[in-house]
Amino acid sequence: MNVAHKIKSLVSDQRFVLSLLTVALFIFFGLKNSAFFNADFVIYPLIRDAATLSVIGLAQLCALSIGHLNLAVGRMAAVSALAAGAAYQYLHVSLLLGLFMGLFVGASLGALTGWIIVKSQVNAFIVTLAMDFALLGFVTYIYVTFTGATTAFTTKPAGMEFWRNTSWHQYCVAGVCGPKIFPMMLVPAIIAIAVIGFIFSKTRLGRELLSTGSNLRAAKLSGIPVDRRVITAHLMSGLLAGLAGIMLAFTNGSFTAAIGSQFMLPSFLGPVLGGTLLAGGSVAVLGTFIGTLLTLIIRQGLSVQGIGLETLNIALGLVLLTALSLGQIQKMFTAIRMRGRT
Amino acid sequence: MTFKSFFRNRMTELSLTIIFIVGFLALVSTSQGVLLSRASLQGFLTYLAVPIVIGMAQMVVLCIGQMNLAVGAMGGVSTAIMATQMADHKVSIPVALLVGFLGATAMGAINGALVVLTQLNGFIITLGTMTILLGVQYRLVRTFTIDKYPTSLPDFGKKNIVGFPLILVIAIATSVVLSMYFSRTGSGRRVLATGGNALAARLSGVSNSRSVFIAHTLSGALVGVAAIITIASLPGINRSIGGDWMLSSFSAPIIGGVLMAGGTVAVYGTVIAAGVIRLVDIARAQYSLDPSIVSLTVGVVVLSTVALSEWRRRRTVRQNEGRKVLPA
Amino acid sequence: MSAELLVESVSKAFPGVQALDKVNLALHGGTVHALLGENGAGKSTLIKIITGVYRADAGNLKTNGEERFFDSPIEATHAGIAVVHQERNLIAEFSVEENITLHNPPLRLGIIDRTERTRLANEALTTLGFEIDLNERIKNLSVAQMQLVEIAKALVTKAQIILLDEPTASITAGETVKLFEVISRLKSQGTAILFVSHKLEEVYEICDTVTVLRDGVSVLESKPLANYKQSEIVDLMVGRHLADRKVVIRKVDRQVNAVLELKNLKTSLGHESVSLSLYPGEVLGMYGLVGAGRSELARSILGLHEITGGEILLGGKSVKIKSFRDALHVHRIGYVTENRKEEGLFLDFSVRKNVSVTILSKILQKLGIIHVGKEDVVASKYVDRLGIKVVDNDQLAGTLSGGNQQKVSVSKWLAAETKILIIDEPTVGVDVRTKASFHELITELADEGLSIILISSDLAEIIAISDRILVMRDYELVGEVENTKDYPSISRSIMSSIHSGS
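First things first, this report covers the structure right here in the doc. Keep in mind that what you see is a predicted model, and the values were worked out from it rather than measured.

1. So, the overall build of chain A
For step 1, the next point in the chain: The secondary structure content of chain A amounts to 14 helices and 4 strands.
For step 2, the next point in the chain: A principal-axis box enclosing the C-alpha atoms of chain A has dimensions of 70 × 55 × 45 Å.
For step 3, the next point in the chain: Split into buried and exposed, the 342 residues of chain A put 56% on the buried side.
For step 4, the next point in the chain: Across chain A, every contact between residues at least 6 apart in sequence was considered, and the portion connecting residues at least 24 apart equals 70%.

2. Here we look at the sheet that holds strand β2 (residues 17-28) of chain C
Residues and elements named next belong to chain C.
For step 1, the next point in the chain: Strand order across the open sheet formed by 4 strands is β2-β1-β4-β5, with antiparallel pairing between neighbours. Whereas interior strands pair on both sides, the edge strands pair on one side only; in this sheet they are β2 and β5 (66-67).
For step 2, the next point in the chain: Of the strand pairs in this sheet, strand β1 (residues 4-14) and strand β4 (residues 58-63) are connected by 5 bridges, and their pairing is antiparallel. Residue pairing for β4: V7 is matched across the bridge by L61.
For step 3, the next point in the chain: Taken strand by strand, helix α1 (residues 43-50) contacts β1, β2 and β4, and its axis lies near 115° from that of β1.

3. Quick notes on the sheet that holds strand β14 (residues 274-278) of chain C
Residues and elements named next belong to chain C.
For step 1, the next point in the chain: Read across the open sheet, the 4 strands follow the order β14-β13-β16-β17; overall the sheet is antiparallel. Only two strands of the sheet have a single neighbouring strand rather than two, namely β14 and β17 (317-319). The mean angle between the axes of side-by-side strands here comes to 20°, regardless of whether they run parallel or antiparallel.
For step 2, the next point in the chain: In this structure, strand β16 (residues 307-314) lies alongside β17, joined through 3 bridges in antiparallel fashion. Following the sheet pairing, L314 is matched in β17 by K317.
For step 3, the next point in the chain: Contacts from helix α10 (residues 294-301) reach β13 (260-267), β14 and β16 within the one sheet, and its direction differs from that of β13 by about 105°.

4. Description of the interface of chain A and chain B
A common measure of how large an interface is: the accessible area buried when the components associate.
For step 1, the next point in the chain: Chain A puts 40 residues into the contact, and the matching count from chain B is 41 residues.
For step 2, the next point in the chain: A buried area of about 3400 Å², summed over both sides, lies between chain A and chain B, and 80% of it is on carbon and sulfur atoms.
For step 3, the next point in the chain: When the buried surface of chain A facing chain B is broken down by residue, F133(A), E310(A) and L321(A) rank first, second and third, together holding 17% of it.
For step 4, the next point in the chain: Seen at the junction of chain A and chain B, the total is 0 salt bridges.
For step 5, the next point in the chain: Our count for the chain A to chain B interface comes out at 0 residue pairs in polar contact (both at pLDDT 80 or more).
For step 6, the next point in the chain: Contributing elements (two or more residues each) for the side of chain A that touches chain B: α5 (95-120), α6 (124-147), α10 (216-221), α12 (264-274) and α14 (309-341) of chain A.
For step 7, the next point in the chain: A per-element tally of the side of chain A that touches chain B places α6(A) first, with 13 residues.
For step 8, the next point in the chain: Tallied by class, the residues present in the side of chain A that touches chain B amount to 26 nonpolar, 10 polar and 4 charged.

5. Examining helix α8 (residues 230-238) of chain C
Note: α-helices contain 3.6 residues per turn, so residues at a spacing of three or four share the same orientation.
Residue and element names in this part refer to chain C.
For step 1, the next point in the chain: Within the sequence span of α8, burial applies to I233, V234, M237 and V238. Relative to the axis of α8, the buried residues are bounded by an arc of 120° and lie together on one face.
For step 2, the next point in the chain: Positive backbone phi, at 75°, marks G239, one or two positions downstream of α8.

6. With respect to the interface of chain C and chain A
For step 1, the next point in the chain: If you look at the interface, chain C gives 35 residues, while chain A gives 26 residues.
For step 2, the next point in the chain: Carbon and sulfur atoms make up 58% of the surface buried where chain C meets chain A, a total of about 2300 Å² over both sides.
For step 3, the next point in the chain: Applying the counting criterion to the chain C and chain A interface returns 2 salt bridges.
For step 4, the next point in the chain: Between E375(C) and R207(A) there is a salt bridge, and its shortest N-O distance comes to 2.5 Å.
For step 5, the next point in the chain: Here chain C is connected to chain A by 10 residue pairs in polar contact (both at pLDDT 80 or more).

7. Focus: the packing of aromatic side chains
For step 1, the next point in the chain: If you walk through the whole model with that rule in mind, you get 21 aromatic pairs over all chains.
For step 2, the next point in the chain: Taken together, a centroid distance of 5.7 Å and an interplanar angle of 75° make the contact between F125(A) and F123(B) edge-to-face. Of this pair, F125(A) sits in helix α6 while F123(B) sits in helix α7 (residues 122-141), which puts the two residues in different chains. One exposure class covers both F125(A) and F123(B), and it is buried.
For step 3, the next point in the chain: Between F162(A) and W163(A), the ring centres sit 5.6 Å apart and the planes meet at 80°, which makes this aromatic pair edge-to-face.
For step 4, the next point in the chain: On the basis of relative accessible area, F162(A) is assigned to the partly exposed category, the value being 27%.
For step 5, the next point in the chain: By way of ring pairs, the aromatic residues F26(A), F28(A), F29(A), F36(A) and F37(A) are connected into one cluster.
For step 6, the next point in the chain: Above the face of the F94(C) ring, R189(B) is positioned so that its terminal group lies 4.2 Å from the ring centre.
For step 7, the next point in the chain: Positioned above the aromatic ring of F349(C), the side-chain terminus of K353(C) is 5.6 Å from the ring centre.

8. A closer look at the pattern of salt bridges
Residue and element names in this part refer to chain C.
For step 1, the next point in the chain: Overall, the coordinates contain 35 salt bridges over all chains when judged by the stated rule.
For step 2, the next point in the chain: Where E97 meets R117, a salt bridge forms, and the shortest distance between an N and an O atom there is 2.9 Å. Highlighted residues: E97 in helix α3 (residues 96-100) and R117 in helix α4 (residues 114-127), separated in sequence by 20 residues. Each of the two residues, E97 as well as R117, counts as buried.
For step 3, the next point in the chain: With a shortest N-O distance of 2.9 Å, E282 and R254 are connected by a salt bridge. A residue pair is termed long-range when its members are at least 10 positions apart, and E282 in the loop between β14 and β15 (283-287) and R254 in the loop between α9 (240-243) and β13 qualify at 28 residues.

9. Considering the pairing of strand β19 (residues 420-424) of chain C
Residue and element names in this part refer to chain C.
For step 1, the next point in the chain: Summarising burial for β19: 5 of the 5 residues are buried, a large majority.
For step 2, the next point in the chain: Neither face of β19 is open: one carries I420, I422 and D424, the other L421 and I423, and all of them are buried.
For step 3, the next point in the chain: Bridging between strand β18 (residues 333-336) and β19 involves 4 bridges; their strand directions are parallel. Within the sheet, the bridge partner assigned to Y335 lies in β19 and is I422.
For step 4, the next point in the chain: Where β19 meets strand β20 (residues 451-456), 5 bridges bridge the pair, whose relative direction is parallel. Paired with I423 across the strands is L454, a residue of β20.

The rules behind these values
- One numbering rule holds for all chains: residues counted from 1, following each sequence as written.
- To read the labels, note that chains go from A and ligands from 1, taken in the order they are written.
- Given that this is a predicted model, residues contribute local features only at a pLDDT of at least 70 and side-chain atom pairs are listed and counted only at 80 or more, while totals for whole chains, interfaces and linings are drawn from all residues.
- The basis for the side-chain values is all heavy atoms of the structure; hydrogens and waters are excluded.
- Counting from the N terminus, the helices are the DSSP runs of H or I reaching at least four residues and the strands are the DSSP runs of E reaching at least two.
- Each residue's exposure class comes from its accessible area (1.4 Å probe, protein chains only) as a fraction of the maximum for that residue type: buried when under 20%, exposed when over 50%, partly exposed otherwise.
- Here, residues are in contact when the closest pair of their heavy atoms is within 4.5 Å.
- Think of it this way: DSSP has to see at least two bridges between two strands before they count as a pair.
- A fitted line through C-alpha atoms represents every axis, and for helices the fit uses only the stretch in contact; the resulting angles, taken between N-to-C directions, go from 0 to 180 degrees.
- Summed over both partners, buried area is the accessible surface (1.4 Å probe) that two parts give up on being assembled.
- Put simply, a salt bridge is a Lys or Arg side-chain nitrogen that is within 4 Å of an Asp or Glu carboxyl oxygen.
- Under this definition, polar contacts are N or O atom pairs within 3.5 Å; protein pairs additionally need one hydrogen-donor-capable and one acceptor-capable atom, and for neighbouring residues in sequence, both atoms have to be side-chain atoms.
- For this classification, the nonpolar set comprises Ala, Val, Leu, Ile, Met, Phe, Trp, Tyr, Cys and Pro, the charged set comprises Asp, Glu, Lys and Arg, and every other residue, Gly included, is treated as polar.
- Each C-beta atom gives one direction from the helix axis, and the arc is the one those directions make.
- For Phe, Tyr and Trp, where Trp contributes only its six-membered ring, two rings pair if their centres lie within 6.5 Å, and the inter-plane angle classes them as stacked under 30 degrees, edge-to-face over 60, or tilted in between.
- By the criterion adopted, a ring carries a charge over it if an Arg CZ or a Lys NZ lies within 6 Å of its centre and within 35 degrees of its normal.

So, in structure tokens, the structure goes:
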């Protein structure tokens, strides 16, 4: 492979283009207003949010990998956080045990959703939408019934402060300390990215999930247990949604019904910008992180310029639509090239 | 038309009607007739108008096998346009309402155009436009409540026609026109044909792109009607308008018998399902249960309805095509 | 003026295959013109070009003297062309009368005139002598009823040119008689009718002129049908390119245990009692018309549909196969589907991933990690062995030609080292040369000991490579022929089993 070819393949890699764009925008916003480079008040929280939202992006990505959607990611996050919060409040469990209990609830909800989809043969969109409605009612009901007016579990397990407020700066190896801008919250996100990336790129499970997403009938005829894979994908989606919900609760310092209510759009933005196909069969795990980071830089960058929340929404919507249209234009060009060849 | 085919094709609508009547009577008797009082009845019927129209706004997109996540945001922006026109620019009521209505229609048309141009599912496109429109809505309304417009508008909203709230009459009239459109016009049939079987429609000379565009535009126009009803029935407009529309926009048509796969509309079913959902809401208030119970119930009902219709569909397929189809 | 449709040296290529090559056809009013050819010969493509679904690469189309291709089906309809397509093109949720008038609903003041619509639909159905509730939805009808609605849909347009693509494929003999009466009536009124069918007897009964397509070429162009004997037509359809090949009679030992045996198998799809045996290294051909129940049988054996009676024996032992997964991993049976794009391939996956999908469990390291090196070795092995033309193993399957795609689809089963392979219509839509190489491959695999059931509607193909031929009609096995590879006699005896008793 010669150099020109290498450059060409690099440029056509969505992740590379996305990273370039992210870095460029980062520098651009910083140059326009140096307040953007403030480590403590801008960059640290930005990366902390990116960590949480990447995980919710991965939750959506798992559903997208088999060509499904999960509209209930936000509510699954809320229920997991609810479970973890209740465990801390009433059972006084340790931080880790509460986390596992929350994750277990998220995974079970996901598996249940997958099971309903398989058994009823109803399309995933509507099942997860209905699931979203039902869980919304459930979550609000529980908070109101158990916590009354506060509508939150406020017990903070030991160690929660550490996760929400400290950075890698505390860890030093041979006199070199971690960067101050990397929050501890990045650790679970990195683990999630690594594990999910590993599953999809290297393992049989990942291949089977993608086969199911690429062509369900062919996968079935090739002896892949497609029903079980649909359940697996939704289980993973629920588990990751739960993780994101608990991460957000840690960041906020309390467990409320509002957790996850803002997750739906970011859950699609990350994977779609990163290059995950909506139709299934192809995922971009690292791209999800970069895509999430990009949207947060746009959001934070504009907000540092003093632009209000409403314009941020407009900008993000435009970014999503542009990214989608670009994908389509690219596909059209490929089609034209293909036609020329045959 | 034979009775057999009539009943078979109207099963959902008939059962919903029975549920509605039984439910209504049950509520009347358990409330010792309070529900029949002028004020309660008025409230019940007035707040039925918006769910009916937004249900139809979602229905017209569902019938081509797509969905419109932006109904709420479109409604929010449309009412915001109407309110700011009247309050800040002193535009007369009819002109402001018309501008808001046309605005909603244009938003629907943009959705349709984007879906046709990108060839992507309406879901993701409307997710994008929804985000943009929410931004626009906040920009227009900010954190205020806009109510500095002539009181003749809220008065208009309180009018009655032979005992029925005028705005409910508008909603019902809209549904009658829509029903006529789908059953009696060539354009309506073509839109449905696209949803039912795009390939067959194309071979029969239907332009599927045009159908998709029409469906989304029509959805926008219906949201415009819902916006008019909303602004006429509320004392003022704030940024929360439209925020809770998504649930009811999907639940009414789906419970009313519209297939997610496309190809059907059930105008009467949507209307009566909106009525049933409204009854659940009333019952909730009557027994002073938490509002979240409604969303829980509706979620469960929606899910069971789709599962049931899918099961029925597969049963008929099995009965009819045992020898032909090869589902993998 | 009587209707006239002239197709003049029309060509059309799809990626990897020349579907039509300078085809000519002249259809005149007052005649019924047969368009014949094997599956994949280009009949449906030609119909789709005439009706504006596809665009031709070259050539001319003259409709009633006007020279132009149609850009869309609606233009063709306006020009007076009606068509009954082979695929079912009804809207399931619409009523019978809505479907019949779908092209052009009668309007009054812009509103659909229901009385007129009912009258039109009724008229069309009465001509067919077919009674049905006009308000019943299509989804509640039987297949035969749907087919009749399709035909009524064509009649209602009052078209001067009617194209019928296999109109009798799923209707009963009685309904066929009525359809023929209608066709005769239309013919006497000056309508031009193009009739596509696999049933030669029907063709001789109703048609006046004939055009035969073979591999996209019109080998017989608009000649009077009466001048040709049925056997001559069959020869033209299948051509000599396969029949002339070196004839090899393979020896299959049938004294040993059968690898697969069905005993009075009954399925939920409608097979009542199917019995057959497949011996080691045998190529067992299964011939039948489209819809005879062959693929359905194969899929039932593999666990996709319910077995409601009888027995499946593998190597003499009675087994229950629960799913394709079970069939592959436990019983080592593979199935090469006829719908390669819908069911056979992952078009957005690389060739490597397509080949390895059946053997993921065999190329694993610890922790369920796929050993990419081993995966590549396997893929290369079959790319070389089958002569699949690729740039490298990472090329996407969707970018290959039809023949190469089919080879990839077969590779995954070879990689899985199955003992029994059911191959369903392997050469539909591939060109002649690829077809020949496929036939060699199948014979070679059988020589290596693989037992193969070959399902095909291509008579020449079945005769060229099977050792023994079973004939299926209407979900029943109606004949068994030891293949001497003598084309005329074998084809005659197959045809006689197909038609006996019908």
